[in-house]
Amino acid sequence: MSKTTKEVEPNRANTLTAKLARLGLSRQVDLLLHLPLRYEDESRISPIASLFGDENALIEGTIVVCEIVPRPRRQLVARLNDESGIITLRFLHFYPSQQKMLMPGARIRAFGETRQGFFGLEMVHPRLSFASTPLPQTLTPVYPTTAGLAQAALRKLIARAQEKVSLPETLPEAWQQGLTALPTLPALMDAINLLHHPPPNAEQDALINRTHPAWQRVKLDELLAQQISLRLAYQARRASRAPRLPGNGEWTNALIASLPFALTAAQCRVVAEIGADLATPHPMQRLLQGDVGAGKTLVAALAACQAIESGFQVAFMAPTEILAEQHFLKFSEWLAPLGARIAWLTGGKKASAKNKERKAAREAELVIGTHALIQEGVDFSRLGLVIIDEQHRFGVRQRLALRQKGETPHQLMMSATPIPRTLAMSYCADLDVSTLDELPPGRSPVRTRLVRMNRREEIMAWARQEMATGRQTYWVCPLIEESETLELQTALETHAVLSEAMPEHAVGLAHGRLKPGEKQAVMSAFVAGEIQLLVATTVIEVGVDVPNASIMIIEHAERFGLAQLHQLRGRIGRGSEQSVCVLLYAEPLSSTARERLKILFEMNDGFEIARRDLELRGPGEFIGSRQSGLPMLRYADLESDVHLVEIARDLATLLIERYPEQANQHRERWLGDKEETLRA
Ligand code: ADP
Ligand code: MG
């Protein structure tokens with residue numbers, strides 16, 4: 001193995017090293033695992049007469065004429081003749097050496113794409129060789145490369161790595177033999193050698209769409225490395241220390257007793273799961289997922305109670321001001337009667353106000369805020385538990401920053417955008433997951449209507465009528481991604497139009513540019529029923545909880561993402577009233593937009609919607625990898641290779657427990673120094 005960790009060509013110019021680094025190739029083993037995108041077939045000679053254009057082909061014949069033609073632009077033109085036909089070879093840039101090679105009478109091979117030109121069949125800039133050179137016995141690999149690194153040079157480096165390095169099997173032999181789920185998987189080196197240089201008769205389709213057994217083997221190994229890495233991170237966390245927060249039931253019981261309703265069975269279960277974690281001296285890292293309206297806030301409050309009872313502080317972070325305020329009010333209602341001091345931190349205050357806030361935060365049992373919580377200067381004296389609401393809205397980096405605020409506090413993350421199982425398995429192996437799979441009783445699912453934009457007036461009249469019976473309405477303005485100003489302007493206009501159209505109703509307005517105090521005033525008025533209709537931008541997307549609001553109208557619904565629409569719709573259907581969500585859409589609809597609206601219309605279950613969203617958008621969006629720079633898998637695909645993910649997971653357990661050396665070797669082989677980012 002010592003060879004594999006050696007630098008690639010350390011004595012060559014830095015630029016080569018730099019170019020290879022851009023491809024993530026720093027070791028010989030990296031080159032070996034740099035696999036082709038596709039192949040060219042230079043192993044067979046095609047008769048010219050059998051070609052008809054638009055295909056890659058290798059031909060061989062005699063040069064009959066070769067000349068420099070001055071027009072339409074200076075170029076080298078040669079004619080090559082085999083027994084079956086004749087073809088033109090055209091070079092718009094050329095070297096004297098090429099001109100020399102193409103002397104009339106020479107026996108030449110040319111590889112390139114054929115096309116039907118004005119003067120018959122031709123090849124532009126074919127790759128040339130003499131007919132006397134032996135034909136390759138395998139397909140020619142085409143690798144992903146980077147500017148300035150020629151395919152031929154990369155091929156040579158990789159071929160050399162193949163000669164120098166051989167990767168020993170890391171999968172235990174017993175397992176290899178007992179591999180019944182995938183009976184045809186080849187040994188690793190056989191798979192790698194085949195993928196670099198497949199024989200001409202290999203099933204090319206299976207190579208290209210990566211279903212070939214050799215690809216399966218490589219993907220399994222890649223997934224295994226990921227699983228091992230995450231599993232080791234998990235073990236490391238389990239071995240590190242955190243304050244024990246066993247609680248004594250004083251606060252938790254008092255809170256439960258004060259509620260006008262009973263916990264759902266699902267809430268009881270996850271509260272127990274979280275409670276057990278908090279009681280251990282190792283940092284909890286748990287994701288609480290549950291559909292919108294499932295009652296995650298109460299679960300968080302009960303976890304907070306257990307930490308406070310144990311003499312520690314709790315930090316609660318929410319993604320928006322509105323949500324932080326609302327949580328502050330809710331927690332004040334629940335916990336202040338028990339004697340909790342609750343501090344609320346907001347961003348964008350004057351220094352003196354900030355200092356006061358910070359001082360309060362140091363002494364409070366519970367500190368609630370937006371990302372202001374993680375800004376410098378806020379320090380906690382006894383931080384025991386960090387709760388992050390709507391965790392998918394935060395970047396990985398922000399979450400890490402908050403975790404580093406205390407010794408190693410326990411961490412509870414909450415999300416209404418469930419992470420599909422395969423993703424949870426492969427990206428969140430270092431995360432325990434609790435699921436609220438039940439809504440509080442008495443909810444009837446929101447009825448969703450799809451309505452064309454040209455019936456907006458009608459919808460306005462309908463909402464006006466409904467509100468006369470005491471119902472409250474959200475009116476969501478279109479998302480305008482390109483321009484926040486335009487979005488704001490639209491919200492102001494909508495507010496003006498609706499206020500005028502419904503003089504008997506109070507119409508409020510909530511948008512991102514309001515000052516924190518103003519937002520709070522609007523939301524409080526809406527909660528109190530002083531406002532019947534709330535015109536809002538997506539600031540109300542997550543978390544907002546006003547049970548009496550039972551109508552939502554979303555303009556230009558086709559512009560929103562699936563998860564976003566589901567979140568928005570989750571603002572209603574929280575009371576006993578039958579709620580209605582109207583999705584106003586403008587034609588023409590793109591096929592994905594149509595698909596999204598159809599899914600929303602047909603489904604209410606957030607987990608199922610998330611699964612469909614994954615199909616539509618791919619995994620990147622779910623885990624915030626765009627923000628975090630998390631490297632995606634190179635070869636395996638979490639959706640189509642899910643059967644391999646499961647095998648890799650079991651295999652990772654086996655290797656770590658019984659073959660720790662191989663486990664390490666395997667991880668090092670695939671991840672090397674890339675591991676840190678994978679874990680963040
Ligand atoms: P989410 O999971 O989307 O964050 P919330 O925590 O905002 O949901 O809860 C939605 C609503 O359900 C709130 O008004 C909350 O008080 C209420 N709620 C929570 N748990 C229960 C329960 N067990 N029975 C009845 N209502 C509940
Ligand atoms: Mg919530």
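About the cut-offs
- Residue positions are given per chain, counting from 1 as you read along its sequence in written order.
- Starting at A for chains and at 1 for ligands, labels are handed out in the order in which the entities are written.
- The predicted nature of this model means local features are confined to residues of pLDDT at least 70 and side-chain atom pairs, given and counted, to a pLDDT of 80 or more, with totals for whole chains, interfaces and linings taken over all residues.
- Only heavy atoms go into the side-chain values, all of them from the structure, while hydrogens and water stay out.
- Patch membership requires over 30% relative accessible area and the absence of a salt bridge. Like charges are linked within 9 Å, and nonpolar side chains (Val, Leu, Ile, Met, Phe, Trp, Tyr) within 5 Å.
- Reported accessibility uses the Shrake-Rupley method at a 1.4 Å probe radius. Residues are deemed covered only where the shown protein chains occlude them.
- Salt bridges are identified by distance alone: a Lys or Arg side-chain nitrogen within 4 Å of an Asp or Glu carboxyl oxygen.
- Strands here are runs of E lasting at least two residues and helices are runs of H or I lasting at least four, both read from the DSSP assignment and numbered beginning at the N terminus.
- Using a grid of 1 Å spacing that covers the protein atoms alone, one calls a set of points a cavity when a 1.4 Å probe fits there but cannot get out, and a pocket when the set is open and has protein on both sides within 12 Å along at least five of seven lines; lining residues are those with an atom within 4 Å of a point.
- Grid points are joined across faces, edges and corners, and a volume is the space filled by probe spheres set on the points.
- Residue polarity is assigned by list, with Asp, Glu, Lys and Arg as charged and Ala, Val, Leu, Ile, Met, Phe, Trp, Tyr, Cys and Pro as nonpolar; anything else, Gly included, falls into the polar class.
- Only heavy atoms matter for contacts: two residues are in contact if any of them lie within 4.5 Å across the pair.
- Nearness is defined per residue: one heavy atom within 4 Å of the molecule or strand is enough.
- Pairing of N or O atoms within 3.5 Å defines a polar contact, subject to two protein rules: one partner must be a possible hydrogen donor and the other a possible acceptor, and residues neighboring in sequence count only if both atoms are side-chain atoms.
- In this description, a molecule resides in a pocket or cavity if more than half of its atoms sit within 2 Å of the grid points defining it.
- Pairing of aromatic side chains requires ring centres within 6.5 Å, counting the rings of Phe and Tyr and the six-membered ring of Trp. Pairs whose planes differ by under 30 degrees are stacked, by over 60 edge-to-face, and all others tilted.
- Each residue is placed in one exposure class: buried if its accessible area under a 1.4 Å probe, protein chains only, is under 20% of its type's maximum, exposed if it is over 50%, and partly exposed if it falls in between.
- Only when the NZ of Lys or the CZ of Arg is both within 6 Å of the ring centre and within 35 degrees of the ring normal is a charge said to sit over the ring.
- Think of it this way: DSSP has to see at least two bridges between two strands before they count as a pair.
- Note on geometry: axes are lines fitted to C-alpha atoms, helical ones only across the stretch in contact, with angles between N-to-C directions running from 0 to 180 degrees.
- For every residue, the predictor states its confidence as a pLDDT score lying anywhere from 0 to 100.
- Roughly parallel here means an angle under 35 degrees, roughly antiparallel means over 145, roughly perpendicular means 65 to 115, and every remaining angle is called oblique.
- Helix crossings are classified by the rotation of the near helix relative to the far one: an anticlockwise turn of less than a right angle makes the crossing left-handed, while a clockwise turn makes it right-handed.
- The span one expects for a helix is its residue count, reduced by one, times 1.5 Å.
- Directions are taken from the helix axis to each C-beta atom, and the arc is the one they span.

## Here's the deal with a nonpolar patch on the surface
Stage number 1. A cluster of nonpolar residues, V64, V65 and I86, forms a patch on the protein surface that exposes about 200 Å² of accessible area.
Stage number 2. Inspection of the secondary structure assignment puts I86 in strand 4 (residues 86–91).

## Considerations on the layout of surface pockets
Stage number 1. Estimates place the volume of the largest pocket at around 1,000 Å³.
Stage number 2. Together, 40 residues line the largest pocket, and K330, W334, D545, P547 and R574 are the ones closest to its centre.
Stage number 3. Mapped by element, the contributors of at least two residues to the lining of the largest pocket are helix 11 (296–309), helix 12 (321–335) and helix 18 (516–527).
Stage number 4. The dominant element in the lining of the largest pocket, judged by the number of residues it contributes, is helix 12, at 9 residues.
Stage number 5. Residues belonging to the lining of the largest pocket are distributed by class as follows: 16 nonpolar, 14 polar and 10 charged.

## Considerations on the environment of I322
Stage number 1. Here I322 lies in helix 12.
Stage number 2. Taking C-alpha positions, I322 is 7.5 Å from I540, a pair spaced 218 residues apart along the chain.
Stage number 3. Look past the residues within four positions of I322 in its chain and what remains in contact with it is K519, M523, V539 and V544.

## Observations regarding empty space enclosed by the protein
Empty space among the atoms becomes visible once a probe the size of a water molecule is rolled across them.
Stage number 1. Counted under the stated rule, the structure contains 2 cavities of 30 Å³ or more.
Stage number 2. The space that makes up the second largest cavity amounts to roughly 40 Å³.
Stage number 3. Forming the boundary of the second largest cavity are V271, I274, G275, L278, V299, L302, A303 and Q306.
Stage number 4. Among the elements of the structure, helix 10 (265–278) and helix 11 are those that each provide at least two residues to the lining of the second largest cavity.

## Some remarks on the site of ligand 1
Stage number 1. As a matter of local geometry, ligand 1 sits amid 17 residues, with G293, K296, T297, R443 and D545 nearest to it.
Stage number 2. The side chain of Q267 places a nitrogen or oxygen atom 2.8 Å from a nitrogen atom of ligand 1.
Stage number 3. With respect to ligand 1, the backbone of G293 contributes an N or O atom lying 2.6 Å from an oxygen atom.
Stage number 4. In the complex, the protein chains occlude 90% of the 570 Å² of accessible area that ligand 1 would expose alone.
Stage number 5. For ligand 1, the cavity whose grid points lie within 2 Å of the majority of its atoms is the largest pocket.

## Observations regarding the packing of aromatic side chains
Stage number 1. This model, assessed by the stated rule, comprises 6 aromatic pairs.
Stage number 2. With 5.3 Å between their ring centres and 20° between their planes, F328 and W344 make a pair best called stacked. Here F328, found in helix 12, pairs with W344, found in strand 11 (residues 342–345); they are 16 residues apart in sequence, far enough to count as distant.
Stage number 3. With a relative accessible area of 19%, F328 lands in the buried category.
Stage number 4. On the numbers, 5.1 Å between centres and 65° between planes, the contact of Y474 with F526 is edge-to-face. Pair noted here: Y474 is in strand 17 (residues 472–476) and F526 is in helix 18, with a separation of 52 residues, a long-range link.
Stage number 5. Take F526: its relative accessible area is 0%, and that puts it in the buried class.
Stage number 6. Within the aromatic cluster, the residues linked to one another by ring pairs are W215, Y635 and W670.
Stage number 7. Lying over the aromatic face of W462, R449 brings its terminal NZ or CZ to 5.5 Å of the ring centre.

## Here we look at the pattern of salt bridges
Pairing of side chains with opposite charge becomes possible as their charged atoms draw close.
Stage number 1. For the structure on display, the rule yields 27 salt bridges.
Stage number 2. One salt bridge connects D641 with K219, and the closest N-O pair in it is separated by 3.2 Å. Within this pair, whereas D641 is found in the loop between helix 22 (625–628) and helix 23 (642–658), its partner K219 is found in helix 8 (residues 213–239), the two being separated by 422 residues in sequence. An identical accessibility class is assigned to D641 and K219; each is buried.

## Section: the sheet that holds strand 15 (residues 432–436)
Pairing between sheet strands relies on hydrogen bonds along the backbone, with the strands arranged either parallel or antiparallel.
Stage number 1. Pairing in this open sheet of 7 strands is parallel, and the strands run 11-12-10-13-14-9-15 from one edge to the other. Taken across any chain shown, the strands that pair with only one partner, and hence form the sheet edges, are strand 11 and strand 15. Between one strand and the next, the sheet's axes are offset by a mean angle of 20°, whatever the strand orientation.
Stage number 2. Relative to strand 12 (residues 366–369), strand 10 (residues 313–317) runs parallel, the two being bridged by 4 bridges. Counterpart to M317 in the pairing with strand 12 is G369.
Stage number 3. Its contacts with the sheet place helix 10 against strand 9 (285–290), strand 13 (383–388), strand 14 (410–415) and strand 15, and it is angled at close to 160° to strand 15.

## Some thoughts on the sheet that holds strand 17
Stage number 1. The 6 strands lie next to each other as 16-21-20-17-19-18, forming an open sheet whose pairing is parallel. The outermost strands of the open sheet, each flanked by one partner alone, are strand 16 (447–452) and strand 18 (507–510). Direction aside, neighbouring strands of the sheet carry axes that sit 20° apart on average.
Stage number 2. As defined by bridge partners, strand 17 adjoins strand 20 (residues 549–554) across 5 bridges and the pair is classed as parallel. Residue pairing across strands places Y474 opposite M552, the latter belonging to strand 20.
Stage number 3. Helix 17 (residues 484–501) rests against strand 17, strand 18 and strand 19 (533–536) of the sheet, and its axis sits at about 175° to strand 18.
Stage number 4. Contacts between helix 20 (residues 591–602) and the sheet are confined to strand 16 and strand 21 (580–585), with strand 16 contributing the most and set at about 145° to the helix.

## Here we look at the environment of A463
Stage number 1. Topologically, A463 is positioned in helix 16 (residues 456–468).
Stage number 2. The buried category is assigned to A463, whose relative accessible area is 0%.
Stage number 3. Along the sequence, A463 and I553 sit 90 residues apart, while their C-alpha atoms lie 8.8 Å from each other.

## Considering the confidence of the model for the protein
Stage number 1. Residues at a pLDDT of 70 or more form 86% of the protein, whose mean pLDDT is 84.
Stage number 2. Least confident of the elements in the protein is helix 22, whose mean pLDDT is 34; most confident is helix 10, at 97.
Stage number 3. The low-confidence segment residues 620–631, where pLDDT is below 50, has 29 contacts with residues more than four positions distant or belonging to other chains.

## Re the packing of helix 16 against helix 17
Stage number 1. The geometry of helix 16 relative to helix 17 is characterised by a closest axis approach of 11 Å and an angle of 55° between their N-to-C directions. Accordingly, the angle class assigned to the pair helix 16 and helix 17 is oblique. Like other packed secondary-structure pairs, helix 16 and helix 17 cross with a definite hand, here right-handed. Taking contact as the criterion, the partners of R456, M460 and R464 in helix 16 are, on helix 17, T494, V497, L498 and A501.
Stage number 2. Taken together, the residues of the contact of helix 16 with helix 17 sort by class into 4 nonpolar, 1 polar and 2 charged.

## Looking at helix 4 (residues 151–164)
Since there are 3.6 residues in each turn of an α-helix, residues three or four apart along the chain are aligned in direction.
Stage number 1. Helix length check: helix 4 (14 residues) gives 20 Å between terminal C-alpha atoms against 20 Å at 1.5 Å per residue, within 8%.
Stage number 2. Within helix 4, burial applies to Q151, L154, R155, L157, I158, A161 and Q162. The buried residues of helix 4 occupy one face: seen down the axis, they fall within an arc of 165°. Every exposed residue of helix 4 that faces more than 90 degrees away from the buried side is listed here: K156 and E163.

## Section: helix 12
Stage number 1. Given a rise of 1.5 Å per residue, 15 residues ought to cover 21 Å, and the 20 Å separating the end C-alpha atoms of helix 12 matches this to within 8%.
Stage number 2. Counting buried positions along helix 12 gives 11 out of 15 residues, so the element sits mostly inside the fold.
Stage number 3. Where helix 12 is concerned, the buried positions are E321, I322, L323, A324, E325, Q326, H327, F328, F331, W334 and L335.

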